[in-house]
Amino acid sequence: AEFDTLDIVVLGVILLGTIAYFTKGTLWGITKDPYANAFANANGAKAGRSRNILEKMDETGKNCVIFYGSQTGTAEDYASRLAKEGKSRFGLETMVADLEEYDFDNLDAMPSDKVAMFILATYGEGEPTDNAVEFYEFITGDDVSFSEGSDPALQNLNYVAFGLGNNTYEHYNSMVRNVDKALQKLGANRIGEAGEGDDGAGTMEEDFLAWKDPMWAALAEKMGLEEREAVYEPTFGIVDRENLTVDSPEVYLGEPNKMHLEGTAKGPFNSHNPYIAPIAESRELFSAKDRNCIHMDVDINGSNLSYQTGDHIAIWPTNSGDEVDRFLDIIGLKEKRNNVISIKALEPTAKVPFPTPTTYDAIVRYHLEICAPVSRQFVATLAAFAPSDEVKAEMARLGSDKEYFHSKTGPHFYNIARLLDTVGKGEKWTNIPFSAFIEGLNKLQPRYYSISSSSLVQPKKISITAVIESQAIPGRKDPFRGVATNYLFALKQKQNGDPNPSPFGKTYALNGPRNKFDGIHVPVHVRHSNFKLPSDPAKPVIMVGPGTGVAPFRGFIQERAKQAQNGATVGRTILFFGCRKRSEDFLYESEWEEYKKALGDSLEIVTAFSRESSKKVYVQHRLKERSKEIGELLSQKAYFYVCGDAAHMAREVNTVLAQIIAESRGVSETKGEEIVKNMRAANQYQEDVW
Ligand code: FAD
């Protein structure tokens, strides 16, 4: 009975489509595919849409808007989940909204029988995410002004707030904290607590779940909502396009937007529109047998892309063939993988997250994060579609019992297909509406890499230094393997004509949709960062970058060597590098010698090899040993940089630095910490950590 509405809507859509087809769309002014969704061109797609949120809510009959500020897709995912839950449990008329797409000067006109939710990630050094910059500047600005001019301005605004942060960063959850403060100051009424999720502690999902239940209770009371039994309703309808095949030119086989489909891709290249870049060169950097790290040079000559030393490059990965197969198989879609379908949003404010018409194969391979950890809430949702009552009960238990869920899933690194396979004891899950996956799984995210070259030396060639993610799982034959790094590894194998092109039993559609990536290409875009050398090369620099944390410093040192060759006076340049063994994973060992030819003794590479002696030595130990010199360099206004592991290394380096400063200036450690804080604020201390 649950599907009646869907069936009717889908039938309606088909009927409309049929009429449109027979009338060639002339009745409606449609001349093209009536189901094709936007993605027309990456940047123009938003043109002409109203930026007035109140108007949009009125038009679509909504009383709850969930704004998100998202960088890696998690905040966006949480926003969608709240929208879904609000609707199914409380009958709220919800919509999700990208902060970038609306104006906020009329927030004061939002009536008190509506509610706005803010799901806000903090990015990097306490910054807003790219899509939340304007909102953040507006709402926390000194001269914020609204249309109505009442006092206090936002007295009618009811809001809910949750932040996504990482406690290993200095400015933990500063986005939600500052926005909450600003909204309170403007007189808005917060409902429930302002929640905070902590990625650093690995508890983001549980923090979110623990926050949302009391929030719903408070909201229900405030708005007089009655809870009802939640019944799953799909957000998207799937329409079979039997007249189309994978050979039809209008079918998306993984192309990210229409320009790519039509072969007219052009810049600006950005997070909506990647450049399909040729890979100039790629090679292995480790000599260890069981671990891999690759160097890759990406050629951006054919694009208008540019970068600056210290920026990040985003790699758009594709899922591996074995995982795509596993996923399609367990949900019973393996035979239909190349069927052409269109996806229709069944409610006006929902957005289909990829272009259609397309195939199941293309969706799973290019657009869904099918390998990521599974959310407990999603498990609860899927229980209703279990192949048997027994499996249903187990799914329901996993979904509702936090301890049980973590003890059962934690050690196994399950992705969704592996979990369904295990819990269902191999039975196929053919009852799950495909819409549930579009709603419940994240969009496949580009991965960022710190550019490891200098734009002064190679302005049109971007270097990447990436360690391949691989982890042995007890009780499982194949190790866990990261999505993007193993894709890059396969590209490297192919480029070098390696006799084993499918490393670790992984295969990838390296040629891309319609062979568009043939000849070793990878889709990329560039993200500018604030991690920068001092503009005056004479200033000394101290860099701490163990492991792949060395990436941006290879770029920095390359740049300073070039500056020296060009006749500039270049200050002292010290790199603290750490790894396991000189003979295994000492990255760029021979290159440092080259740079020394230009920089002479001003360049020094201080190494810490953790597995060469019985006592483990790390970069922070080496820093301590060099306290005196570091203290002196800092008093000459040296710049201090840290790159790499955020969870442990960066914190410890921070602490050690405060101690060094305290010692060298004869002040307390607390004072030392304060000085480090001030250095951060003045950009004299910079972090690029992940
Ligand atoms: P993913 O598949 O994304 O997995 C990453 C991790 O998530 C896994 O190791 C695991 O801990 C967890 N995980 C994933 N799936 C599961 C599951 N099913 N169950 C349990 N746990 C799971 N990396 C570099 O090597 N070099 C760089 O220069 C570099 N620079 C960066 C700069 C920035 C600004 C940022 C944000 C990151 C940077 N990274 C860098 C990290 C990089 O972006 C990727 O996160 C990394 O390469 C792993 O990507 P992946 O797709 O291979 O792994």
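Residues numbered from 1 in each chain as written. Predicted model: local features only at pLDDT ≥ 70, side-chain atom pairs only at ≥ 80, totals over all residues. Heavy atoms only, no water.

Caption draft 1: The overall build of the protein, seen in detail. Counting secondary structure elements, the protein contains 22 helices and 23 strands. Taking 690 residues into account, the globule formula puts the C-alpha radius of gyration at 26 Å, and the protein, at 27 Å, falls close to it. Seen through its C-alpha atoms, the protein measures out along the principal axes to roughly 75 × 70 × 50 Å. When each of the 690 residues of the protein is scored for burial, the buried share is 54%. Counting contacts in the protein only where the partners sit at least 6 residues apart, residues at least 24 apart contribute 78% of the total. Total accessible area computed for the protein in this model is approximately 29,900 Å², and 49% of it derives from carbon and sulfur atoms. Charge-centre separation for the protein: the mean point of 77 positive side chains lies 5 Å from the mean point of 96 negative side chains. (Helix = DSSP H or I, 4+ residues; strand = E, 2+ residues; numbered from the N terminus. Rg over C-alpha atoms; globule rule 2.2 N^0.38 Å. Buried < 20%, exposed > 50% of the residue type's maximum accessible area, 1.4 Å probe, protein only. Contact = heavy atoms within 4.5 Å. Areas by Shrake-Rupley, 256 points an atom, 1.4 Å probe, with all protein chains shown as cover. Lys, Arg positive; Asp, Glu negative; His and termini not counted. Charge placed at Lys NZ, Arg CZ, Asp CG, Glu CD.)

Caption draft 2: View of helix 12 (residues 402–409). Every buried residue belonging to helix 12 is among Y404, F405 and T409, and all of these are buried. Axial view of helix 12: buried residues confined to an arc of 105°, hence all on one face. Turning to helix 12, the residues buried within the fold contact helix 10 (376–383), helix 11 (389–400) and helix 13 (416–423). In this structure D401 caps helix 12, since a side-chain oxygen of it lies 3.2 Å from the backbone nitrogen of E403. (Arc of directions from axis to C-beta. Polar contact = N/O pair within 3.5 Å; in protein donor to acceptor, adjacent residues only side chain to side chain.)

Caption draft 3: Molecular detail of the site of the ligand. With respect to spatial proximity, 22 residues lie near the ligand, and among them Y448, Y449, E469, A484 and T485 are the closest. Measuring from an oxygen atom of the ligand, one finds a side-chain N or O atom of T485 at 2.6 Å. With respect to the ligand, the side chain of W690 contributes an N or O atom lying 3.5 Å from a nitrogen atom. When isolated, the ligand has an accessible area of 960 Å², and the protein chains bury 79% of it. Counting only elements with at least two residues in the shell around the ligand, the list comes to strand 14 (447–450), strand 15 (461–467) and helix 15 (483–495). (Near = heavy atom within 4 Å.)

Caption draft 4: Layout of the packing of aromatic side chains. A full pass over the atoms with the stated rule returns 33 aromatic pairs. When the centroid spacing of 6.2 Å and the interplanar angle of 75° are considered together, the rings of Y588 and W592 count as edge-to-face. Comparing Y588 with W592 shows no difference in burial state: the two are buried. Sitting over the face of the ring of Y404, R397 holds its NZ or CZ atom 3.5 Å from the ring centroid. If you follow R554 out to its NZ or CZ, it ends over the ring of Y588, 4.7 Å from the centre. (Phe/Tyr/Trp six-rings, centres within 6.5 Å; stacked < 30°, edge-to-face > 60°. Lys NZ or Arg CZ within 6 Å of the ring centre and 35° of its normal.)

Caption draft 5: Here's a closer look at unusual backbone geometry. With an omega dihedral of -5°, the bond running from D151 to P152 counts as a cis peptide bond. With an omega of 5°, the peptide bond running from T356 to P357 counts as cis. Locating P357 in the fold gives a position in the loop between strand 12 (340–345) and strand 13 (358–359). The backbone phi angle of F413 is positive, close to 55°, even though this residue is not glycine. Its place among the elements puts F413 in the loop between helix 12 and helix 13.

Caption draft 6: Layout of the sheet that holds strand 8 (residues 236–240). If you walk across this open sheet you meet the three strands as 8-12-13, and the pairing is antiparallel. Since the sheet does not close on itself, it has two edges, and those belong to strand 8 and strand 13, each with one partner. Pairing geometry for strand 8 and strand 12, over five bridges, is antiparallel. In the strand pairing of strand 12, G237 is matched with K344. (Pairing = 2+ DSSP bridges.)

Caption draft 7: Summary view of the sheet that holds strand 15. One open sheet accounts for six strands, arranged 14-11-18-9-10-15; its pairing is antiparallel. Among the strands making up the open sheet, the edge pair consists of strand 14 and strand 15. Between one strand and the next, the sheet's axes are offset by a mean angle of 40°, whatever the strand orientation. Bridge count for strand 9 (residues 275–284) against strand 18 (residues 521–527) is four bridges, and the pairing is antiparallel. Paired with A277 across the bridge in strand 18 is V522. Running at roughly 75° to strand 9, helix 15 makes contact with strand 9, strand 10 (293–299), strand 11 (312–315), strand 14, strand 15 and strand 18 of the sheet. (Axes fitted to C-alpha atoms, helices over the stretch in contact; angles between N-to-C directions.)

Caption draft 8: Representation of the nonpolar core. Ranked by internal contacts, the top residues of the largest apolar core, which has 46 residues, are F327, L382, M395, I416, L420, F434 and F437. Sorting elements by how many residues they give to this core places helix 13 first, with five residues. The residues contacting F327, other than those within four sequence positions of it, are V364, I370, I416, A417, F434, F437 and L441. (Core = buried A, V, L, I, M, F, W, Y, C linked by side-chain atoms within 4.5 Å.)

Caption draft 9: Layout of the pattern of salt bridges. Considering all chains together, one arrives at 49 salt bridges under this definition. One salt bridge connects E439 with K84, and the closest N-O pair in it is separated by 2.7 Å. Of this pair, E439 sits in helix 14 (residues 434–440) while K84 sits in helix 3 (residues 74–90), placing them 355 residues apart in sequence. For K84, a relative accessible area of 24% puts it in the partly exposed group. Close ionic contact of E323 with R326 constitutes a salt bridge, the shortest N to O distance being 3.0 Å. Within this pair, E323 and its partner R326 are both found in helix 8 (residues 321–330), separated by three residues, close to a single helical turn. Relative accessible area serves as the criterion here: at 6%, E323 is assigned to the buried category. One network of salt bridges, in which partners are shared, links E85, R89, K212, D213 and E227. (Salt bridge = Lys/Arg side-chain N within 4 Å of Asp/Glu carboxyl O.)

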